[in-house]
There are 2 protein chains.
Amino acid sequence: MKLVINKNELAAAIQIVVRAVPSKTTMPILECILIDASSDQIKLIANDMELGIETVVEGVIEERGIVAIDAGIFSNLVRKLPDADVRISTNVDHISIVCENARFNIVGRDGSDFAYLPEIERREGIVLSQLSLRDMITKTIFSISQNESNKMMTGELLEIHGDTLRVVALDGHRISIRKLELPEVYPDRKVIIPGKTLNEINKILNGSADKQVSIFFTDKHVLFEIDQSLVVSRLIEGDYFRIDQMLSTDYETRIRINRQEFLNCIDRATLLVKEDDKKPIILLIKDGSMELRMNTTLGSMNEVISIEKSGSDLNIGFNPKFLIDALRAISDEEVTIYLLSQKAPCFIRNDVEEKSEDSTEKQEYCYLILPVNFISID
Amino acid sequence: MKLVINKNELAAAIQIVVRAVPSKTTMPILECILIDASSDQIKLIANDMELGIETVVEGVIEERGIVAIDAGIFSNLVRKLPDADVRISTNVDHISIVCENARFNIVGRDGSDFAYLPEIERREGIVLSQLSLRDMITKTIFSISQNESNKMMTGELLEIHGDTLRVVALDGHRISIRKLELPEVYPDRKVIIPGKTLNEINKILNGSADKQVSIFFTDKHVLFEIDQSLVVSRLIEGDYFRIDQMLSTDYETRIRINRQEFLNCIDRATLLVKEDDKKPIILLIKDGSMELRMNTTLGSMNEVISIEKSGSDLNIGFNPKFLIDALRAISDEEVTIYLLSQKAPCFIRNDVEEKSEDSTEKQEYCYLILPVNFISID
């Protein structure tokens, strides 16, 4: 194999595929990036058997071939080479990498041991902007469960119904939902994508509104086509939770509040909460104002924020982290919160009629958070 | 106690003294910042018994008093308060912190348990610019030993002789020296300052050339006066190593080399070195060019750099990290390296006549690095 590739293009391609290289594995071949120049294209591939990424890099193929190279060394080395053409060639069991006066000889591995990505037919996929997809993932993924005991909670539901894409993440205490109108109608689909896949996808999506991403499905896999890259991931199997029956629209109390002010106030209050402590923040909702209270072994705080309220007064407690996560995921200047009782979840959502001020595109959002019991509020 | 202090001034003052709060201690009072408003000034003090910092913060004293408050909570809380006046008052065993609508009650501690800084008479001190001091520390401190077994190597020598300030750091494998001409002649002094103190001092020095720092000495302590802050540190006791006899000016080979090019090349070569491996980088010095070689289990590299050489050819090996550290600490575009033999240390130093291109001030530098044995260079 003999290739000539521009250093910056090569470095960029490595940075994409390296996301599928596992940090720990018992199979050394998985720690490699495969350079496949067996046809007319130079492809880089990495695969941890759950998630696989393949990307095409521009360059000259002087002699075809395939070789696998340790991902860590390859990525660091290329990053530190001078900005010039990189010549990669194989000789017996070594890979020679030459760039200007620098000559490296790295131990290579036989490419034939490498696990290629599963073949997925690219048809009947959905298309949306990279920006929208990244936005939907970022603004829901904090709600997936970190606990592997319920596998389904460690992924996100991606649901296509008519011309609507809905993304759902939940961990048993809260649900985060984002909805986006697609430009056309697609066949119905419901898949659960591992959180890890979505985190890696998010780093590859370059976030521009005029670039597209295509998503294709099989029973066991999902394929994202992003620019010159293909990302294939296993799906989490099973029927996702029926969330629609939890999404009541009843409420007794409805408040409008400045998002940043509310967020800053909760953020300050959590300074009194030690790491593993589960102290709720208590909201005392009255006409025109809401008082926030926090009481821990370190001290206590209270702060009054002005709100617009309709409906009944209510005292209710929440895990402050869940409120913070949801409020950070919203870009609107003001948010509307719907509450029913001390025991019922609150909903932070934008009205369907109301135009979202989200900088990105029109997305409907709904953040459901279960309240926490609290004892006294003197 | 009743105080009113602007939030930003208070936050800045806390950020200074918090550097002397130990991260782990068996004495809870040391985890506190003392607010001392017993006289006409508001002072914040922290002290881990090795290093103590005191700073004055502007504000209104409505009622005098002293109280100690947990440093972690105090610093995070103040940072997150709105940008407005902060009212601090004490009531029984609590400290009330009020800022706009936010009201916090934090558990306080009796200030009388607190260990004040040792009194140090401020006379016969030396004065230099904050920029120079920070520069001298930053560009030598990487050479102190991380190993506590030889206490003296964990500090830096600060030596005043006539109108010259010399700073020395060494770890048994290398010596880093910076010299600065002071504006006047001071009495001779030799003190060993703990590395930790210098690291913290460095963060407080704001690095501007027109701001001064004064340094005062006693037998056991050193005091830095930086703007509104006093930093007191214990000294490391003992006689420092006699380094002057190691600083030979004999050489057989002298090379001039582009610093950045040399640095980049070594940096690339170290990619082949695993964490705990001690592989040397081998320099093959010839007329007009130097070849660098590295050979490890991961692979090998070689690269040729053009140099200006006078004297004999030489093959010599070094720990690449030591070369990298020294080259990073120099700002000159080209460096001069003096070598004697395969077994003798190399010296990277600027000629006394030669004007340093250091962005800061005229500083003389000398980096001595011991070579490493290597077996074959085919």
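These figures come from a predicted structure and were not determined experimentally.

Thresholds applied
Residues numbered from 1 in each chain as written. Chains lettered and ligands numbered in written order. Predicted model: local features only at pLDDT ≥ 70, side-chain atom pairs only at ≥ 80, totals over all residues. Heavy atoms only, no water. Phe/Tyr/Trp six-rings, centres within 6.5 Å; stacked < 30°, edge-to-face > 60°. Buried < 20%, exposed > 50% of the residue type's maximum accessible area, 1.4 Å probe, protein only. Lys NZ or Arg CZ within 6 Å of the ring centre and 35° of its normal. Domains from an automatic or database assignment. Contact = heavy atoms within 4.5 Å. Buried area = accessible area lost by both parts, 1.4 Å probe. Salt bridge = Lys/Arg side-chain N within 4 Å of Asp/Glu carboxyl O. Least-squares fit on C-alpha atoms with pLDDT ≥ 70 in both. Axes fitted to C-alpha atoms, helices over the stretch in contact; angles between N-to-C directions. Helix = DSSP H or I, 4+ residues; strand = E, 2+ residues; numbered from the N terminus. Parallel < 35°, antiparallel > 145°, perpendicular 65-115°, else oblique. Left-handed = near helix turned anticlockwise from the far one by under 90°. Nonpolar A, V, L, I, M, F, W, Y, C, P; charged D, E, K, R; others polar. Core = buried A, V, L, I, M, F, W, Y, C linked by side-chain atoms within 4.5 Å. Pairing = 2+ DSSP bridges. Polar contact = N/O pair within 3.5 Å; in protein donor to acceptor, adjacent residues only side chain to side chain. Disulfide = S-S within 2.5 Å.

Engineer: Can you lay out the packing of aromatic side chains for me, pointing to particular residues and giving the numbers?
Structural biologist: Scanning the model with the defined rule gives nine aromatic pairs over all chains in all. Summarising the aromatic geometry, the rings of tyrosine 240 of chain A and phenylalanine 241 of chain A are spaced 5.1 Å apart at their centres and angled 70 degrees between planes, so their arrangement reads as edge-to-face. Of the residues examined, tyrosine 240 of chain A reaches a relative accessible area of 9% and is grouped as buried. Feature note: the residues Phe142, Tyr365 and Tyr367 of chain A constitute an aromatic cluster, connected by ring pairs. Across the ring face of tyrosine 338 of chain B, the terminal group of arginine 349 of chain B is positioned such that the distance to the ring centre comes to 4.6 Å. Here the basic side chain of arginine 349 of chain B rests over the ring of phenylalanine 347 of chain B, its NZ or CZ set 5.3 Å away from the ring centre.

Engineer: Could you give me a rundown of the domain arrangement of chain A, with the residues and numbers involved?
Structural biologist: One frequently used descriptor of interface size is the decrease in accessible area upon assembly of the parts. Residues and elements named next belong to chain A. Along its sequence, chain A is organised into domain 1 (2-113), domain 2 (126-243) and domain 3 (248-369). Just the C-alpha atoms count here: the centres of domain 1 and domain 2 sit 29 Å apart. Across the contact, 11 residues belong to domain 1 and 13 residues belong to domain 2. If you sort the residues of domain 1 by the area they bury against domain 2, Arg19, Glu50 and Leu51 come out on top, with a joint share of 48%. Where domain 1 packs against domain 2, one counts one salt bridge.

Engineer: Which residues make up the relation of the copies chain B and chain A, and what values go with them?
Structural biologist: Superposing chain B onto chain A requires a rotation of 180 degrees together with a translation of 0.0 Å along the rotation axis, leaving an RMSD of 0.0 Å. What the superposition gives is, in effect, a two-fold axis relating one chain to the other. Considering only C-alpha atoms, the part of chain B nearest the rotation axis is serine 23 of chain B, at 15 Å. The fraction of interface residues of chain B whose copies in chain A are also interface residues reaches 100%, indicating that both copies meet through the same surface.

Engineer: I'd like a rundown of the packing of helix H5 (residues 259-269) of chain A against helix H6 (residues 320-329) of chain A, residues and numbers included.
Structural biologist: Residue and element names in this part refer to chain A. For the pair H5 and H6, the least separation of the axes is 10 Å and the interaxial angle reads 150 degrees. Relative to H6, the element H5 lies roughly antiparallel. Regarding H5 and H6, the two cross each other, and that crossing is left-handed. Between H5, through Arg259, Phe262, Leu263, Ile266 and Asp267, and H6, the contact on the second element is made entirely by Pro320, Leu323, Ile324, Leu327 and Arg328. Residues of the contact of H5 with H6, tallied by class, amount to seven nonpolar, no polar and three charged.

Engineer: Could you give me a rundown of the nonpolar core, with the residues and numbers involved?
Structural biologist: By size, the foremost hydrophobic cluster in this structure holds 104 residues, and its most contacted members are Phe262 and Ile348 of chain A together with Ile35, Phe74, Ile88, Ile97 and Phe224 of chain B. It is H6 of chain A that provides the largest number of residues to this core, a total of six residues. Within the second largest apolar cluster, 102 residues are counted, among which are Leu205 of chain A together with Ile266, Leu272 and Ile369 of chain B.

Engineer: Lay out the sheet that holds strand E20 (residues 308-311) of chain B in plain terms, naming residues and giving numbers.
Structural biologist: Whenever strands of a sheet pair, they do so through backbone hydrogen bonds, lying parallel or antiparallel. Residue and element names in this part refer to chain B. Strand order in the open sheet formed by seven strands is E11-E12-E24-E23-E22-E16-E20, and the pairing between neighbours is antiparallel. Each edge of the open sheet carries a strand with a single partner, namely strand E11 (155-170) and E20. The sheet shows a mean angle of 20 degrees between the axes of neighbouring strands, direction not considered. Here 14 bridges tie E11 to strand E12 (residues 174-194), and the two strands are oriented antiparallel to one another. Its bridge partner lying in E12, arginine 166 is registered against lysine 179. Along the sheet, helix H5 (residues 259-269) contacts strand E16 (253-258) and strand E22 (334-339); its crossing angle with E16, the most-contacted strand, is approximately 90 degrees. Contacts between helix H6 (residues 320-329) and the sheet are confined to E12, E22, strand E23 (346-349) and strand E24 (363-369), with E24 contributing the most and set at about 175 degrees to the helix.

Engineer: Tell me what's going on with the interface of chain B and chain A, and back it up with residues and numbers.
Structural biologist: Residue-level contacts link 26 residues of chain B with 26 residues of chain A. Overall, the association of chain B and chain A removes approximately 2,300 Å² of surface from exposure, summing both partners, and the carbon and sulfur fraction of that is 59%. Of all residues in chain B, the largest losses of buried area upon contact with chain A belong to Lys80, Arg268 and Leu271 of chain B, amounting jointly to 27% of the total for that side. At the boundary of chain B with chain A, the tally comes to two salt bridges. Among the salt bridges present, the one from aspartate 267 of chain B reaches lysine 80 of chain A, with a minimum N-O distance of 3.0 Å. The interface formed by chain B and chain A contains 12 residue pairs in polar contact (both at pLDDT 80 or more). For the side of chain B that touches chain A, a count of residues per class yields 14 nonpolar, seven polar and five charged.

Engineer: If you had to explain the sheet that holds strand E24 (residues 363-369) of chain A to someone new, which residues and values would you point to?
Structural biologist: All names here are of chain A. Pairing in this open sheet of seven strands is antiparallel, and the strands run E11-E12-E24-E23-E22-E16-E20 from one edge to the other. Both outer strands of the open sheet, strand E11 (155-170) and strand E20 (308-311), are each paired with one neighbouring strand and no more. On average, adjacent strands in this sheet sit at an angle of 20 degrees to one another, irrespective of strand direction. Taken together, the four bridges between strand E23 (residues 346-349) and E24 define a ladder with antiparallel strand orientation. The residue bridging isoleucine 348 from the neighbouring strand is tyrosine 367, located in E24. The strands touched by helix H3 (residues 130-138) are E11, strand E12 (174-194) and E24; relative to E12, the strand with the most contacts, the crossing angle is about 155 degrees. Strand contacts of H5: strand E16 (253-258) and strand E22 (334-339), with the helix running at about 90 degrees to E16, the strand carrying the most contacts.

Engineer: Describe helix H4 (residues 195-204) of chain A, listing the residues and the values that go with them.
Structural biologist: Residues spaced three or four apart along an α-helix point in a common direction, a consequence of the helix completing one turn every 3.6 residues. Where burial is concerned, most of H4 of chain A is hidden: seven out of the 10 residues are buried. Buried residues of H4 of chain A: Gly195, Thr197, Leu198, Glu200, Ile201, Asn202 and Ile204 of chain A, and no others.

Engineer: Please give an account of the pairing of strand E18 (residues 289-296) of chain A that cites residues and values.
Structural biologist: All names here are of chain A. Of the pairings in the sheet, the one linking strand E17 (residues 281-286) to E18 comprises five bridges and is antiparallel in character. Pairing of leucine 284 across the sheet is with glutamate 291, part of E18. Where E17 folds back on E18, the antiparallel hairpin that results is connected by two residues, among which glycine 288 adopts a positive phi of roughly 80 degrees. Alignment of E18 against strand E19 (residues 299-306), held across eight bridges, turns out to be antiparallel. Paired with serine 289 across the strands is serine 306, a residue of E19. Between E18 and E19, which pair antiparallel and follow one another directly, the connecting turn spans two residues.

Engineer: A description of the state of the cysteines should follow, citing residues and the corresponding values.
Structural biologist: A full pass over the atoms with the stated rule returns zero disulfides over all chains. Its sulfur unpaired, cysteine 346 of chain B is 9.3 Å from the next cysteine sulfur, which belongs to cysteine 366 of chain B.

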